[in-house]
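These are the residues of each chain, in order.
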Amino acid sequence: MENMQAVNSFVAAYLKKKGFKEAEQLLEDLQKESAPIDFHNDPDLAKFIHHFSQSEDDVARYQDGYSKLRSWTYSSLDLYKHELLRVLYPVFIHSFMDLVAKGHLQEARTFFNAFHEDHELMHSRDLQKLEGVLSQSHLEEMEFARSLRQNKVNIKICQYSYGLLLQYLHKTQSTAMLGVINEHINFQVTSGQPGSISDDTEVVTLIGSCQDAASLINQKEIHWGLLEDSLEERLEKEGGLLSDSEKAEAENKEGDVDDSKKRSVEGGKQGASTKKLKKDKAVNATAKSARPEAKPTPAAPRVKPELTLPVMSTEVEQSILEDLRNRVQLSSVALPSVSFYTFLNTHNGLNCSSISQDGSLVAGGFSDSSLKVWDMAKLGQQAGSSTLQGENDSTSSEHVAGPNGVKRSYTLFQGHSGPVYSATFSPLGDFILSSSADTTIRLWSTKLNANLVCYKGHNYPVWDVQFSPVGHYFASSSHDRTARIWSMDRIQPLRIMAGHLSDVDCVQWHANCNYIATGSSDRTVRLWDVQSGECVRIFIGHRSMILSLAMSPDGRYMASGDEDGTIMMWDLSSGQCVTPLMGHTSCVWSLAFSCEGTVLASGSADCTVKLWDVKTSTKAPKNEEKSGNPNRLRSLKTLATKSSPVYSLRFSRRNLLFAAGVLSKNV
């Protein structure tokens, strides 16, 4: 009887809501004259109406609950508002997905359209994906949505803000909102005052946000020290690097141990033996002041290689040692010279560029599946210009007469059957690797001007490929969500790194060659052990896909750049962000550390190269405790191009900065 009355009440309310006045009046009259209508004694119909009434109530609870929570949040005190606003986004997306899961597809769409604009600025990529959730099955099929449903969102919030939120939920008795928050949000409550607004980049993480799992992984031990017995270390012991810095002589006796540790600040992201050499004793003067406060614990000892390293010829050794002796020491007051290569007439076909260690060769990968390599010496002789012509010629000879009789110096490498997305020179410049949409990686000889090997293993386009700092080994990353380790003499990958939730967009080797880092569209960076293939670090904090990575020459820090223009500096030991670098207004396509690790260069689609003071960032943890200053990394200089987005950057062993980009009329 009670049930029947509830059904009757709902039917009356429904008729009134829909404007069926006559039917509503008729029902009312019938109820006055007799007992509640039993709908022809049809229990199924009564059951359906009862269920429908609850559904209608569900929809209203989500709409009203979120709308009221939103109004309350925006009207909160400014001191707490930015922390409380962090709660709105996860509540919004989970309310939307709850409505979809319960079958209220039209209402879910109305809810989404009503409130999604609040979150467009910070979460446009997520919202684009969620717009594609049009049925209950989509929640299961779409990995992004499934991941959000399975993992709790972690939100940092102070005690005061947390108390205000609980008080509001209790007062309004908003069961729908309370249910969403209880089921999908994990609050990390901190003591004291609310954090600064600038910390928002790190407080809400949705994708790959199983923070407990990440914390567990980040407890694994990693050995970030540099390889023992590197050329630089040997040269340092012989005193061959002292000529650049007589100051270091006075510190030698007490600093021998420190120096060898600091020497770990060498080798760069491209050549362990080659790159490692990059850091020299003159670094002592700079490095001693650069890192002491940033390293509360002693530098890690030298490590043994996990991979069998190739043997270096005496001739190459001597050449590298010569570069090390003549290296310019950079600092915040001694910035690098920059050589910029501009591609012209590429007709929007250039996808990537790469520069050899000494800047003598520049490569470009094109949408027409070609790879072109320019020899700077020959280009200078032939054209007297530093611009790179990108017309689509079908010949592969190095000196070709163009339409106006001007000779061009480039070698055309053809073999791929899809756009070329990445290219990388070996440390000595004698080989170049290219990766393509055709799912393959090709190895080319710059001496023979020929394709040597085609590596097949990925199932989808290969976005990035990078030679190891010692050559011979290389790493690739793909749309198939994996990264792979290869060696030049094997056609199958040595290791497959799987774990990212979306495309692996970029890959970078650690200076000691024992680890690789991968950046993904799932907005995380992972560090992998080359020997075991295991993930040993997960770095969470970016708000968009990661497009570039760089390892510091000392092996301790890593920089990552994303699609929004944010760069983050990470401590590999702890897995924590040391500092975010704000300044670029568009995608950060390339990052490079100077050879002693004191300067970080970043190249962006906003047509600038920015130089950052790394010393400031490594001192950040202590400074911030005292001053609370969130702007932890100082921008030293911004170098603007005329209208050329910056595709690639590379520091030579002598610390000259090379950059390349394409002249764009659309910028």
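Owing to the predicted nature of the structure, the values given are computational and were not obtained by experimental measurement.

The rules behind the values
- Residues numbered from 1 in each chain as written.
- Predicted model: local features only at pLDDT ≥ 70, side-chain atom pairs only at ≥ 80, totals over all residues.
- Heavy atoms only, no water.
- Helix = DSSP H or I, 4+ residues; strand = E, 2+ residues; numbered from the N terminus.
- Buried < 20%, exposed > 50% of the residue type's maximum accessible area, 1.4 Å probe, protein only.
- Contact = heavy atoms within 4.5 Å.
- Areas by Shrake-Rupley, 256 points an atom, 1.4 Å probe, with all protein chains shown as cover.
- Salt bridge = Lys/Arg side-chain N within 4 Å of Asp/Glu carboxyl O.
- Pairing = 2+ DSSP bridges.
- Axes fitted to C-alpha atoms, helices over the stretch in contact; angles between N-to-C directions.
- Phe/Tyr/Trp six-rings, centres within 6.5 Å; stacked < 30°, edge-to-face > 60°.
- Lys NZ or Arg CZ within 6 Å of the ring centre and 35° of its normal.
- Core = buried A, V, L, I, M, F, W, Y, C linked by side-chain atoms within 4.5 Å.
- Expected span 1.5 Å × (residues − 1).
- Arc of directions from axis to C-beta.
- UniProt positions renumbered as here; feature names shortened; annotations may be inferred.
- Parallel < 35°, antiparallel > 145°, perpendicular 65-115°, else oblique.
- Polar contact = N/O pair within 3.5 Å; in protein donor to acceptor, adjacent residues only side chain to side chain.

Caption draft 1: Here's a closer look at the overall build of the protein. A tally of regular secondary structure across the protein gives 20 helices and 32 strands. The buried share of the protein, reckoned over its 667 residues, is 55%. Restricting to contacts in the protein with at least 6 residues of sequence separation, those with at least 24 account for 60%. Counting every atom, the protein has about 28600 Å² of accessible surface; 50% of that belongs to carbon and sulfur.

Caption draft 2: Representation of the pattern of salt bridges. Applying the stated criterion across every chain, the model contains 10 salt bridges. Between Asp 118 and Arg 70 there is a salt bridge, with its nearest N and O atoms 2.4 Å apart. Placement of the pair is Asp 118 in the loop between α5 (105-115) and α6 (120-130) and Arg 70 in helix α3 (residues 43-74), with a sequence separation of 48 residues.

Caption draft 3: Region of the structure containing the sheet that holds strand β13 (residues 440-445). The antiparallel open sheet is built from 4 strands, whose spatial order is β11-β12-β13-β14. Each of the sheet's edge strands pairs with one partner strand only, and the pair in question is β11 (420-425) and β14 (450-456). If you compare each strand with its neighbour and ignore which way they point, the axes differ by 20° on average. Note: strand β12 (residues 431-436) against β13, 5 bridges, orientation antiparallel. Looking at β13, one finds that Ser 434 is bridged to Arg 442.

Caption draft 4: Looking closely at the pairing of strand β19 (residues 504-509). With respect to burial, β19 is a largely interior element, 6 of its 6 residues being buried. Between β19 and strand β20 (residues 515-520), which follow one another and run antiparallel, lie 5 residues, and Cys 513 among them has a positive phi close to 65°.

Caption draft 5: How the structure looks around the packing of aromatic side chains. Applying the stated criterion across every chain, the model contains 21 aromatic pairs. Each ring, one from Trp 374 and one from Tyr 410, has its centre 5.3 Å from the other, and the planes form 50°; the classification is tilted. Of this pair, Trp 374 sits in strand β7 (residues 370-375) while Tyr 410 sits in strand β10 (residues 407-414), and the two are 36 residues apart along the sequence. Note on accessibility: Trp 374 and Tyr 410 belong to one class, buried. Measuring from ring centre to ring centre gives 5.2 Å for Trp 589 and Tyr 647, while their planes differ by 70°; the resulting arrangement is edge-to-face. Here the residue Trp 589 occupies a position in strand β27 (residues 588-593), and Tyr 647 occupies one in strand β31 (residues 646-651), the gap between them amounting to 58 residues. Ring pairing ties together the aromatic residues Tyr 66, Phe 92, Phe 96, Phe 111, Phe 112 and Phe 115, which thus form one cluster. The ring of Phe 112 carries Arg 109 above its face, with NZ or CZ at 5.5 Å from the centroid.

Caption draft 6: Structural view of the nonpolar core. The biggest cluster of nonpolar side chains holds 39 residues, and the ones touching the most others in it are Tyr 66, Val 91, Phe 92, Phe 96, Leu 130, Met 177 and Phe 187. Looking at this core, the element that brings in the most residues is helix α4 (residues 78-101), giving 12 residues. Aside from chain neighbours lying at most four places away, what touches Tyr 66 is Arg 61, Leu 88, Val 91, Phe 92, Phe 111, Phe 115, Asp 118, His 119 and Met 177. Judged by nonpolar contacts, the second largest core, of 18 residues, contains Val 470, Tyr 473, Ile 485 and Ile 516.

Caption draft 7: Broad picture of helix α9 (residues 159-172). Across its 14 residues, α9 extends 20 Å between first and last C-alpha, which sits within 8% of the 20 Å expected from 1.5 Å per residue. When α9 is considered as a whole, its buried residues turn out to be Ser 161, Leu 165, Tyr 168 and Leu 169. What you see down the axis of α9 is that its buried residues fit within an arc of 95°, all on one side. More than 90 degrees from the buried face of α9, the exposed residues found are Gln 167, His 170 and Lys 171.

Caption draft 8: Geometry of the UniProt feature "repeat: WD" (unreviewed entry) in the protein. UniProt annotation of "repeat: WD" (unreviewed entry) refers to residues 343-376, 413-445, 455-496, 497-538, 539-580 and 581-622 when read in the numbering used here. Each end of residues 343-376 is marked by a C-alpha atom, and these two atoms are 13 Å apart; helix forms 3% of the span and strand 59%. End C-alpha atoms of residues 413-445 are separated by 10 Å, and the span's content is 0% helix alongside 61% strand.

Caption draft 9: Looking closely at the sheet that holds strand β22 (residues 535-540). Spatial ordering of the open sheet is given by β19-β20-β21-β22, a layout of 4 strands whose pairing is antiparallel. Only two strands of the sheet have a single partner each, and these edge strands are β19 and β22. Between one strand and the next, the sheet's axes are offset by a mean angle of 20°, whatever the strand orientation.

Caption draft 10: Quick peek at the environment of Val 189. Checked against the element boundaries, Val 189 lands in strand β2 (residues 185-190). Residue Val 189 is classed as partly exposed on the basis of its relative accessible area, which comes to 39%. C-alpha separation for the pair Val 189 and Ile 155, spaced 34 residues apart in sequence, amounts to 8.3 Å. When neighbours within four sequence positions are excluded, Val 189 is seen to be in contact with Ile 157, Cys 158, Gln 159 and Tyr 162.

Caption draft 11: Spotlight on the packing of α4 against α6. The geometry of α4 relative to α6 is characterised by a closest axis approach of 12 Å and an angle of 5° between their N-to-C directions. What the angle tells us is that α4 and α6 run roughly parallel. Along its contact with α4, which presents Tyr 89, Phe 92, Ile 93, Phe 96 and Met 97, the element α6 presents His 123, Asp 126, Leu 127 and Leu 130.

Caption draft 12: Representation of the side chain of Ser 487. Among the secondary structure elements, Ser 487 is positioned in strand β17 (residues 482-487). Only 2.7 Å separates the side chain of Ser 487 from the side chain of Asp 489, close enough to count as a polar contact. Filtering out sequence-adjacent residues up to four positions away, Ser 487 remains in contact with Tyr 455, His 472, Tyr 473, Phe 474 and Leu 494.

Caption draft 13: Representation of helix α8 (residues 143-150). Taken together, the buried positions of α8 are Phe 144, Ala 145, Ser 147 and Leu 148. Projection of α8 onto a plane perpendicular to its axis shows the buried side chains occupying an angular sector of 160°, all on one side. On its buried face, α8 sits against α4, α6 and α7 (136-141).

Caption draft 14: Structural view of the environment of Gly 555. Take Gly 555: it is sitting in the loop between β23 (546-551) and β24 (557-562). In this structure, the C-alpha to C-alpha distance between Gly 555 and Trp 224, residues 331 residues apart in sequence, is 5.3 Å.

Caption draft 15: Inspection of unusual backbone geometry at higher detail. Notably, Asn 348 is not glycine yet its phi reads approximately 60°, a positive angle. On the secondary structure map, Asn 348 appears in the loop between β4 (338-344) and β5 (350-355). Judged by relative accessible area, Asn 348 falls into the exposed class, the value being 65%. A positive phi angle, close to 70°, is found at Cys 607, a residue other than glycine.

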